[in-house]
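# Commentary on secondary and tertiary structure
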Amino acid sequence: MSDSPFDLDGRVAVVTGGYGVLGGSMADGLAAAGARVAILGRRRDPAMDKVQQLRDRGCDAVALVADAMDEGALQRARAVLLETWGRVDILVNAAGGNVQRARTDTQSVFEMPFDAFDEVVRLNLHGSVYPTLAFGAAMAEQRRGAIVNISSMASYQALSGVMGYSAAKAAIDNFTRWMAVEMARKYGDRVRVNAIAPGFF
């Protein structure tokens, strides 16, 4: 019997960055609620380790080895998932984080390399937009599903040292609103797009 207050029995969930601290915890919660969980990440070994942890608890889990910023890899991962479980009900975009070279608390903002800014924005914005488009297409066809993006309190107030990260998370807020409207207008109100904004943990 599940120890979760939510019943997701039989639902199929994809968690990008699912072997990280935040994504891993969310994968645990989805599994505890009865969902079948796909762990998506670039590195096979950590993904398989997380899958084994979930299986040891009695959860049905698989690894999808793909970079969240690689369109082709995401399309292949979606095809594997649909072949394995036939549908996708939940997408949690937990891949992301800061880039040390983009931090401005250890260097002047004027010394920050432009490519470091690009890297942190791509990781946190593109790394959620691309999986949403890949897996959201399956939800649109089903006319049912839930996408959860990870924003941040840094998108609402200026936190020192994380300019690029903050800008990307503010963009996630806008993308979430835009995508929620797009899905509702064209595919019905059973396809939902939301974001949560954690603080420090």
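Our structure's up above, just so we're on the same page.
Quick look at the structure, then. Owing to the predicted nature of the structure, the values given are computational and were not obtained by experimental measurement. (Residues numbered from 1 in each chain as written. Predicted model: local features only at pLDDT ≥ 70, side-chain atom pairs only at ≥ 80, totals over all residues. Heavy atoms only, no water.)

## Here we look at the packing of helix 4 (residues 114–142) against helix 5 (residues 163–187)
- Remark: helix 4 packs on helix 5, axes separated minimally by 8 Å, with the N-to-C direction vectors making an angle of 15 degrees. Here helix 4 lies roughly parallel to helix 5, going by the angle between them. Once helix 4 is placed against helix 5, the crossing between them reads as right-handed. Residues F117, V120, V121, N124, L125, S128, V129, T132, L133, G136 and A140 of helix 4 form the contact with helix 5, whose own contacting residues are M163, G164, Y165, A168, K169, A171, I172, F175, M179, M183 and Y187. (Axes fitted to C-alpha atoms, helices over the stretch in contact; angles between N-to-C directions. Helix = DSSP H or I, 4+ residues; strand = E, 2+ residues; numbered from the N terminus. Parallel < 35°, antiparallel > 145°, perpendicular 65-115°, else oblique. Left-handed = near helix turned anticlockwise from the far one by under 90°. Contact = heavy atoms within 4.5 Å.)

## Some thoughts on the sheet that holds strand 1 (residues 12–16)
- Pairing is parallel in the open sheet, where six strands are placed in the order 3-2-1-4-5-6. If you trace the sheet from one side to the other, it starts and ends with strand 3 (61–65) and strand 6 (191–196), each paired once. Going across the sheet, the axis of each strand differs from the next one's by a mean of 15 degrees, ignoring polarity.
- Where strand 1 and strand 2 (residues 36–41) come together, five bridges link them in parallel fashion. The residue of strand 2 that forms the bridge with V14 is A38.
- Contacts between helix 4 and the sheet are confined to strand 1, strand 2, strand 3, strand 4 (90–93), strand 5 (145–150) and strand 6, with strand 4 contributing the most and set at about 180 degrees to the helix. (Pairing = 2+ DSSP bridges.)

## Focus on the environment of D70
- Its location among the elements puts D70 in the loop between strand 3 and helix 3 (71–85).
- Since its relative accessible area comes to 34%, D70 is described here as partly exposed.
- In the structure, D70 is positioned 28 residues away from R42 in sequence and 9.9 Å away in space, judged by C-alpha atoms.
- Separated by 3.0 Å, the side chain of D70 and the backbone nitrogen of A73 make a polar contact. (Buried < 20%, exposed > 50% of the residue type's maximum accessible area, 1.4 Å probe, protein only. Polar contact = N/O pair within 3.5 Å; in protein donor to acceptor, adjacent residues only side chain to side chain.)

## Re the nonpolar core
- Judged by nonpolar contacts, the single largest core of 38 residues is most densely connected at V14, A38, L40, L64, L81, V88 and F135.
- Only strand 1, strand 2, strand 3, helix 3, helix 4, helix 5 and strand 6 provide two or more residues apiece to this core.
- When residues of this core are assigned to their parent elements, the largest contribution, 10 residues, is made by helix 4.
- Those residues in contact with L40, other than ones at most four positions away along the chain, are V14, V15, T16, G17, G18, L64, A66, L74, A77 and F135.
- Counting 20 residues, the second largest nonpolar core, distinct from the first, contains A13, A33, I39 and L54. (Core = buried A, V, L, I, M, F, W, Y, C linked by side-chain atoms within 4.5 Å.)

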